[in-house]
Amino acid sequence: MSTGTFRVKGIIQDPDASFVSPEVDPAGRVFIPLAVMQQMQHRDDIGGFFIKADSLEILDRVTDDVDENLARSVGVPSRDIDNEDAKPYEIFNQADILDNLNQLSCALTTLLTSVALIALVVGSR
């Protein structure tokens, strides 16, 4: 893999700020242009990326803005922006993940309650 020369454009004021996840060492983060990364990796696709909203109140608006801009950049016609099948990507946020976990938790609770009730009925005979 070839390396190039990079010029420092700025330094993050708070190196401990969490941009990606707590597992990523803040001292080891370097931000480079996407095109440079794709060229270095000899790939055109992007596996995924994270965006941080300033607050939960604006999370839906930020998600919608990202979706609209991303759809436009990959060539999705504006009439199809609300059609998830027309997009070659998927967007989800932490609220979506929490909703899915809550649904799973409710399903498991219902299943375990059903098994316990059956066990009580069978055991009482």
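This text goes with the structure placed above it.
So, a few notes on the structure that sits alongside this text.

Rules used throughout
- Residues numbered from 1 in each chain as written.
- Predicted model: local features only at pLDDT ≥ 70, side-chain atom pairs only at ≥ 80, totals over all residues.
- Heavy atoms only, no water.
- Helix = DSSP H or I, 4+ residues; strand = E, 2+ residues; numbered from the N terminus.
- Contact = heavy atoms within 4.5 Å.
- Salt bridge = Lys/Arg side-chain N within 4 Å of Asp/Glu carboxyl O.
- Buried < 20%, exposed > 50% of the residue type's maximum accessible area, 1.4 Å probe, protein only.
- Polar contact = N/O pair within 3.5 Å; in protein donor to acceptor, adjacent residues only side chain to side chain.

Checked against the element boundaries, I51 lands in the loop between α1 (34-41) and α2 (59-73). I51 sits eleven residues away from V62 along the chain, and the two C-alpha atoms are 8.7 Å apart. Discounting chain neighbours no more than four positions away, the residues touching I51 are V62 and V66.

Scanning all chains against the criterion turns up three salt bridges. For R72, the salt bridge goes to E68, with nearest N and O atoms at 3.4 Å. Of the two residues, R72 and E68 both sit in helix α2, four residues apart, roughly one turn of that helix. Across the pair K87 and E84 runs a salt bridge, and its minimum N-O distance is 3.3 Å. Relative accessible area serves as the criterion here: at 7%, K87 is assigned to the buried category. Each of the salt bridges in this network shares a partner with another, and the network as a whole consists of D67, E84 and K87.

Another point: the side chain of T63. Turning to its location among the elements, T63 is positioned in helix α2. Filtering out sequence-adjacent residues up to four positions away, T63 remains in contact with I91 and N93.

Before going further, it helps to spend a moment on the environment of T113. Positionally, T113 belongs in helix α3 (residues 94-123). In terms of polar contacts, T113 uses its side chain to reach the backbone carbonyl oxygen of T109, at 2.7 Å.

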